[in-house]
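Listed below are the residues making up each chain.
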Number of protein chains: 2
Amino acid sequence: MADQETITNLSELGEFALIDKLVKNVKIYNDSTLKAVGDDAAVIDHKDEQTLVSVDILCEGVHFDMTYCPLKHLGYKAAVVNFSDIYAMNGTPTQIVVGLGISSKYSVEAIEEIYRGIRLACDRYHVDLVGGDTTASKSGLFISITVIGKAKKEDIVYRDGAKPNDLLCVSGNLGAAYTGLLILEREKAAFMADPNMQPEFAGYDYILERQLKPEARRDIVEKLKEIKVKPTSMIDISDGLASEVLHLCKESKVGCMVYEDRIPMNQKTIQTAKDFNIVPSIAALNGGEDYELLFTVAQNDYEKVKDLDDVRIIGYMTADEGQANLITPDNHQIPIEAQGFKHF
Amino acid sequence: MADQETITNLSELGEFALIDKLVKNVKIYNDSTLKAVGDDAAVIDHKDEQTLVSVDILCEGVHFDMTYCPLKHLGYKAAVVNFSDIYAMNGTPTQIVVGLGISSKYSVEAIEEIYRGIRLACDRYHVDLVGGDTTASKSGLFISITVIGKAKKEDIVYRDGAKPNDLLCVSGNLGAAYTGLLILEREKAAFMADPNMQPEFAGYDYILERQLKPEARRDIVEKLKEIKVKPTSMIDISDGLASEVLHLCKESKVGCMVYEDRIPMNQKTIQTAKDFNIVPSIAALNGGEDYELLFTVAQNDYEKVKDLDDVRIIGYMTADEGQANLITPDNHQIPIEAQGFKHF
């Protein structure tokens, strides 16, 4: 949280002094960043590479809850989920612009704390913060981040390239962020009922961190390049495995088979889901915000990916357009169905 | 406003159907747009030109009031104010990504109406809508637009290039958007007091349109190119003339003299300001949202710009760093002071 000793009202400081404060420690990592903050627009030189651009919004009370989400983590997450979109194109994020809407109840220090998180993410992933707009909102806080990335034309991986018989792969493990959220919400409810109660977070570090401070899988994209595997299609898992599998099937005009017992899950995720009477694979299929990568590779690449660290083959693509099925351990086929708009 | 006959709840339609609906009529104007909506990121190919990027946010209850702001105009304005940032760099806007946060009280038709306005702006300015994120907000509506533009390296005009003795020029006329807002707020107050009262907007069309549906000055940027004048510095007027003059002075490390009686104002703006007991030049200096261009040119270009249609020379730059002065008609010097953060 913000430093509790100094609380400055937004109106005291003034807009231009605030902007100076927010951007003064910004480092520049990319040669392509010719002009960062401080003019009507940033200037980016991508020469013969192609520019990728994506936007993601996080809203208070919808995507995060100020009761348990530290502002610095919030800034970090807002940046990282955008980087994830660029990695999911097999590209490299290079610049971000930040839109911040914030009600006057927040202090200057609160905004600085959010920016501290954004800058930390930029430092870790070597992305340049090149512009922004900070404004008042009538109520609540929202962050809108647009990320710019680059990639060679021949390296870009779209969602529409999966072919029948391609192998379906996923990085890391799924459902962790969602079960982390279940713990946060349980402890919030307990705290609401009895403000003297201490929250019980011990032992849940892993899934809490997956929810509050996710990472983007740059390492997976780099590894695949090292072993010379270019996925035929790729997407990041923000809405849950089910949703993303359906996106790949729809865009690539194929179907797929996903083996339920191949879906990678952490032991703590499985245990927590069970504690909440949720079938663990449902947490992976419908719980969002894992930011792992889901991708397909040609059968020819099987030998290269089968033992790849932190990558699991969970199924294969079929010629049955739009038919995405889950194969249960007892060999039943269940159609995979879309979620979406859970926030509305 | 949205078609009143069909009202669809957001939750009925579902996220993916909504996205399909919003982007189905999107036309692509730029060769550089290789991939628009529909993947993790858009793909843009700017070859040997440089990429410009800027973001602007509009929030309900802060930047617009749903009582009098038609949704289509709102979408149009949100797009155009971003294009304006790219023109202010002497560039050409080419792509936008749209972030929309919207409370569940809004219908699908309302969102479509906003997008209709955004698309209209894109059609007029030949900008491609290449991505977006639409999400629920706890309350109210906000729009965050990031614009990507292009320019040849040698064409880009920054804020920091003004030199002493350069001429200070402004396009169009100032204060109109602000006086338009005064009228809207007066009629809203009257309506609140007596809902049976009809608002009196007759005769105010020009200033109301300047407030509700501003245009970006692409024409000025094109004209300057035609007559081979490259401004030494440029900025668009979003916060009022005073603020923008100070930006140019600060970034260029110069001072300036602005002649009050040279500030271009429309007759309706002057009359309306007077009706509200506001000195007209104050409306120009401190009233925002005109989206005219403020720029400096070298003395050598005087002959070229002096008769340029819809451009007025209002003063000149000096070597007195940071000293921006207004010269009144009776030859008094008044320091120009910053506004900013009026929203907080």
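Residue positions are given per chain, counting from 1 as you read along its sequence in written order. A letter from A marks each chain and a number from 1 marks each ligand, given out in the order of writing. Per-residue local features of the predicted model are confined to residues with pLDDT of at least 70, and side-chain atom pairs are confined, for both listing and counting, to 80 or more; whole-chain, interface and lining totals are unaffected and use all residues.

Some details on the packing of helix 5 (residues 176–193) of chain A against helix 9 (residues 267–275) of chain A
All names here are of chain A. Geometry is summarised by axes, namely lines fitted to C-alpha atoms with helices restricted to the contacting stretch, and by angles between N-to-C directions that run from 0 to 180 degrees. Helix numbers and strand numbers start at the N terminus; a helix is a DSSP run of H or I with at least 4 residues, a strand a run of E with at least 2. With their axes 9 Å apart at the nearest point, helix 5 and helix 9 run at an angle of 45° to one another. Put simply, helix 5 runs oblique to helix 9. Here helix 5 and helix 9 pass one another in a crossing that is left-handed. Counted together, A176, T179, L182 and I183 of helix 5 and T269, T272 and A273 of helix 9 form the full contact between these two elements. Any angle that falls under 35 degrees is termed roughly parallel, while one over 145 is termed roughly antiparallel, one within 65 to 115 roughly perpendicular, and all others oblique. The crossing is said to be left-handed when, going from far helix to near helix, the turn is anticlockwise and less than a right angle, and right-handed when the turn is clockwise. By the convention adopted here, residues make contact when the C-beta atoms placed from their backbones lie within 7 Å.

Thoughts on the interface of chain B and chain A
Taken together, the contacts link 63 residues of chain B with 63 residues of chain A. Ranked by residues supplied to the side of chain B that touches chain A, first place goes to strand 3 (residues 50–59) of chain B with 9 residues. Gly falls in the polar group here, along with every residue not listed as nonpolar (Ala, Val, Leu, Ile, Met, Phe, Trp, Tyr, Cys, Pro) or charged (Asp, Glu, Lys, Arg). Taken together, the residues that form the side of chain B that touches chain A break down as 27 nonpolar, 22 polar and 14 charged.

Comments concerning the relation of the copies chain B and chain A
Between the two copies, chain B and chain A, the superposition gives an RMSD of 0.0 Å; the rotation angle is 180° and the shift along the axis is 0.0 Å. This pairing of chains is accounted for by a two-fold axis. Rotation axis and chain B: the residue whose C-alpha lies nearest the axis is K47 of chain B, separated from it by 2.8 Å. Take the interface residues of chain B: 100% of them recur as interface residues in chain A, which is what a same-surface contact looks like. The copies are overlaid by a least-squares fit using only the C-alpha atoms of residues whose pLDDT is at least 70 in both copies.

Things to note about unusual backbone geometry
Residue and element names in this part refer to chain B. Unlike most non-glycine residues, N165 shows phi in positive territory, near 80°. In this structure, N165 sits in the loop between strand 6 (141–151) and strand 7 (167–171). For N165, a count of 13 C-beta atoms within 10 Å puts it in the partly exposed group. One non-glycine residue, N331, adopts positive backbone phi at about 70°. Here a residue counts as buried when 20 or more other C-beta atoms fall within 10 Å of its C-beta, as exposed when 12 or fewer do, and as partly exposed in between; the C-beta atoms come from the backbone.

Comments concerning the environment of P199 of chain A
All names here are of chain A. Locating P199 in the fold gives a position in the loop between helix 5 and helix 6 (205–212). By C-beta crowding, P199 is classed as partly exposed, having 13 other C-beta atoms within 10 Å. Expressed as a C-alpha distance, the spacing of P199 and S32, which sit 167 residues apart in the sequence, is 46 Å. Leave out the neighbours within four places in its chain, and P199 touches E187 and F191.

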